[in-house]
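Residue-level structure breakdown
Chain by chain, the residues:
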Amino acid sequence: MTAPSTTAVPPADDDKTSAGNYFVSNYPPYYYWRPDFVPEAHAALDRPPRPNAELGIYLHIPYCRKRCHFCYFKVYTGAKSSEIREYIDAAVAELEIYRTKSFIGDRKPAFIYFGGGTPSFLSTSQLTTLAKALQSVFPWDAAREITFECEPGTLNQKKLQFIRSLGVTRLSLGVENFDEHILEINGRAHRTKEIDRAYDYARQADFPQINIDLIAGMLEETPEKWAKTVEKTVAMAPDSVTIYQMEIPFNTTIYKRMRDAGRLHAPVADWHTKREWVAHAFDRLEAAGYTVTSAYTAVRDPQRTQFVYRDELWRGADLMSLGVASFSHVNGTHYQNAHDMDTYLEHIKCGRLPISRALTPTTEELMIRELILQFKLGRIELDYFRSKFDTDVMDRFSLQLNQLEERGLIQRVPDALVLSREGLLSVDALMWDFFLPKHQGGRYA
Ligand code: SF4
């Protein structure tokens, strides 16, 4: 579930959860990307790769069993197998078009990410067709990491063994919560029995890394229920745990209900409470031997458990994304595919890449993008920005950094800046102050 929504408006300043996007997942914000900049994306694809830039592939599988009430991704429910087949063929055809472009150079993909939607919604036979076809166009034998997102209720032992046989190294289970009622009231398709079963089969299939996704602050969450979810997670001992704070973007069912009822605030916990819940989870995970490696992630063994996709993207790697509404970044240009399935398929049928909007950030904007994203790791290495962008972060952002320091949210250490735990848990709200003034307009839109 990595594709961000197309609008990005953080919540208003009060602490209640109002509608809007809280997470800052890219920069400049998506609403500055435009159809008339699409030629820039094509030009970027026709240039050779930048020296030392890694290349990754993201494939968006936009199908789910059911639409969760908090979901803002481009997903379809009730898809027929013929539709899925057509989509798979289109994604493979899209990769074939990419293979003719100069930006690939002599690179092989360093990381692959199957996201959605629900990649595990595909049957074993659909996955076989997809994987064989993709590999015949562009083998992923040199990939350091292959991630595959799953919804627990779509898994069985055979499918998990098959997913492992594709070379998947990182299996990400969208658990979100372990309470039956919370799963149901939030529109999740799976239940706890299915989580337990899928996790056991995944362990038996011997994935090098199993990640569990949780959300703090789902509808009807309580401190007691959250504590139970955290304890259950600790007891299962996954290799990594990713915890998001619940946000309510405008295109969610929850927002539509709020709007119809004339409510300004979402019926979920406020931001302070959600931060407290994540802080509690991180404390418990640390007590169990985990290390917090980002604003959202704790891992059991930081030497062994990496997240190549995240770390490469946050350092400016190229990402070639396939599929409807997916987001790419190539040779310094951002772009997004057509958001609508018919338009996406039509472009592919005509032998064209389905790019619908783009933006080429300036070097300064690329620097800010990496700064914002790397702040989410809790630590900024000053030398990195000096050598890559010729920027002294301490001078360039002295105003913002002084304010964070006065609030006790950041600490200067030799050659680095380190966020406090409180700073880390609020990092998405803090990052807006690092945007260029011309990009801060959407904040209260
Ligand atoms: S599983 Fe739910 S949250 Fe995830 S993409 Fe599907 S509908 Fe959205």
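Conventions used here
- By convention here, each chain's residues receive numbers from 1 onward along its written sequence.
- The predicted nature of this model means local features are confined to residues of pLDDT at least 70 and side-chain atom pairs, given and counted, to a pLDDT of 80 or more, with totals for whole chains, interfaces and linings taken over all residues.
- A run of H or I in DSSP counts as a helix once it spans at least four residues, and a run of E counts as a strand once it spans at least two, with each numbered from the N terminus.
- Atoms counted for the radius of gyration: C-alpha only. Globule rule: 2.2 Å times the number of residues to the power 0.38.
- To sort residues by burial, count the other C-beta atoms lying within 10 Å of each one's C-beta; a count of 20 or more means buried, 12 or fewer means exposed, and anything in between means partly exposed. C-beta atoms are built from the backbone.
- What makes a residue near a molecule or strand is its C-beta atom, placed from the backbone, lying within 6 Å of it.
- The classification used treats Ala, Val, Leu, Ile, Met, Phe, Trp, Tyr, Cys and Pro as nonpolar, Asp, Glu, Lys and Arg as charged, and all other residues, Gly among them, as polar.
- Confidence of the prediction at every residue is given by pLDDT, a number between 0 and 100.
- Each residue gets a C-beta atom placed from its backbone, and two residues are in contact if those atoms lie within 7 Å.
- A set of buried Ala, Val, Leu, Ile, Met, Phe, Trp, Tyr and Cys residues, joined through C-beta atoms within 7 Å, is what we mean by a nonpolar core.
- Bear in mind that the domain bounds are from an automatic or database domain assignment.
- One requirement defines pairing of two strands: DSSP has to find at least two bridges between them.
- Classification remark: right-handed applies to a crossover when, strands pointing away from the viewer, the course from the first strand over the helix to the second runs clockwise.
- Axes here mean lines fitted to C-alpha atoms, for a helix over just the part in contact, with angles spanning 0 to 180 degrees between N-to-C directions.
- We call two directions roughly parallel when the angle between them is under 35 degrees, roughly antiparallel when it is over 145, roughly perpendicular when it lies between 65 and 115, and oblique otherwise.
- Two helices cross in a left-handed way if the nearer one is turned anticlockwise from the farther one by less than a right angle. They cross in a right-handed way if the turn is clockwise.
- What a helix should span is 1.5 Å times the count of its residues minus one.
- The arc refers to the directions leading from the helix axis to the C-beta atoms.

Our next topic: the overall build of the protein chain. The helix and strand inventory of the protein chain stands at 17 helices and 17 strands. In terms of overall size, the protein chain behaves like a compact globule, its C-alpha atoms giving a radius of gyration of 21 Å where 445 residues would be expected to give roughly 22 Å. Here the protein chain holds 445 residues, and 47% of them are scored as buried.

So, about the site of the ligand. Around the ligand, the structure places 12 residues, and the nearest of them are C64, R67, C68, C71 and F73. Its residues assigned to classes, the shell around the ligand comprises 6 nonpolar, 4 polar and 2 charged.

What follows is about the confidence of the model for the protein chain. Here the protein chain averages 94 in pLDDT, while 96% of its residues score no lower than 70. Below pLDDT 50 for its whole length, residues 1-13 participates in 49 contacts with residues either more than four positions away or in separate chains.

Attention now goes to the nonpolar core. Counting residues in hydrophobic clusters, the biggest one holds 128 residues, and the most contacted among them are L171, L173, A216, L371 and I372. Sorting elements by how many residues they give to this core places helix α2 (residues 81-99) first, with 7 residues. Both domains that meet at this core, namely domain 1 (30-312) and domain 2 (362-436), each give it at least three residues.

Across the 6 residues of strand β5 (residues 145-150), 6 count as buried, placing the element largely inside the fold. Side chains E145, T147 and E149 of β5 all project onto a buried face; the interleaved residues I146, F148 and C150 project onto the opposite face, where all are buried too. Summarising the sheet, strand β4 (residues 111-116) and β5 pair through 4 bridges and their orientation is parallel. Across the sheet, Y113 pairs through a bridge with T147, a residue of β5. Each parallel crossover has a hand, and the one from β4 via helix α3 (residues 124-137) to β5 is right-handed. Pairing of β5 with strand β6 (residues 170-176) involves 4 bridges; the strand directions are parallel. When the bridges of β6 are listed, C150 appears paired with L173. Handedness of the crossover joining β5 and β6 through helix α4 (residues 157-165): right-handed.

Let us now look at unusual backbone geometry. With an omega of -10°, the peptide bond between Y27 and P28 qualifies as cis. Along the polypeptide, P28 turns up in the segment before α1 (38-45). The residue after G116, namely G117, is reached through a cis peptide bond having omega 15°. With respect to the element layout, G117 can be found in the loop between β4 and α3. With a phi angle near 65°, N52 is a residue other than glycine that sits in the positive phi range. Relative to the helices and strands, N52 resides in the loop between α1 and β1 (55-61).

Another point: the domain arrangement of the protein chain. Considered domain by domain, the protein chain is made up of domain 1 (30-312) and domain 2 (362-436). Using only C-alpha atoms to locate each centre, domain 1 and domain 2 end up separated by 27 Å. Its residues assigned to classes, the side of domain 1 that touches domain 2 shows 3 nonpolar, 2 polar and 1 charged.

On to the sheet that holds strand β17 (residues 416-419), then. The strand order across the open sheet built from 3 strands is β15-β17-β16, with neighbouring strands paired in antiparallel fashion. Either end of the sheet is taken by a strand with one partner, and the two such strands are β15 (379-381) and β16 (410-413). Strand-to-strand twist in this sheet, taken as the mean axis angle between neighbours without regard to direction, amounts to 15°. With 4 bridges joining them, β16 and β17 adopt antiparallel strand pairing. Among the inter-strand pairings, Q411 is bridged to a residue of β17, identified as V418.

Moving on: the packing of α2 against helix α11 (residues 341-349). In contact at an axis separation of 10 Å, α2 and α11 are set at 50° when each is read in the N-to-C sense. As the angle between them shows, α2 and α11 are arranged oblique. As α2 runs across α11, the sense of the crossing is left-handed. On α11, the residues that touch E86, A90, A93 and E94 of α2 are Y344, L345 and I348.

Here α2 crosses α3 at 10°, and the two axes come no closer than 9 Å. Classified by the interaxial angle, the pair formed by α2 and α3 is roughly parallel. Between α2, through I84, I88, V92, L95, E96 and R99, and α3, the contact on the second element is made entirely by Q126, T129, L130, A133, L134 and V137. Classifying every residue of the contact of α2 with α3 by side-chain character gives 8 nonpolar, 2 polar and 2 charged.

With that settled, the discussion passes to the pairing of strand β11 (residues 318-322). Within β11, 5 of the 5 residues are buried, which leaves it mostly tucked inside the rest of the structure. Note that β1 and β11 share 5 bridges and pair parallel. Looking at β11, one finds that G56 is bridged to L319.

Let's shift gears to helix α7 (residues 223-236). For α7, spanning 14 residues, the distance from its first C-alpha to its last is 20 Å, which sits close to the expected 20 Å at 1.5 Å a residue. Of the residues making up α7, those classed as buried are W226, T229, V230 and T233. For α7, the angular spread of the buried residues around the axis is 95°, confining them to a single face. Away from its buried face by more than 90 degrees, α7 exposes E224 and A235. Buried residues along α7 sit against β7 (209-216), β8 (240-245) and α9 (271-287). Two residues or fewer past α7, A237 is found with a positive phi of approximately 55°.

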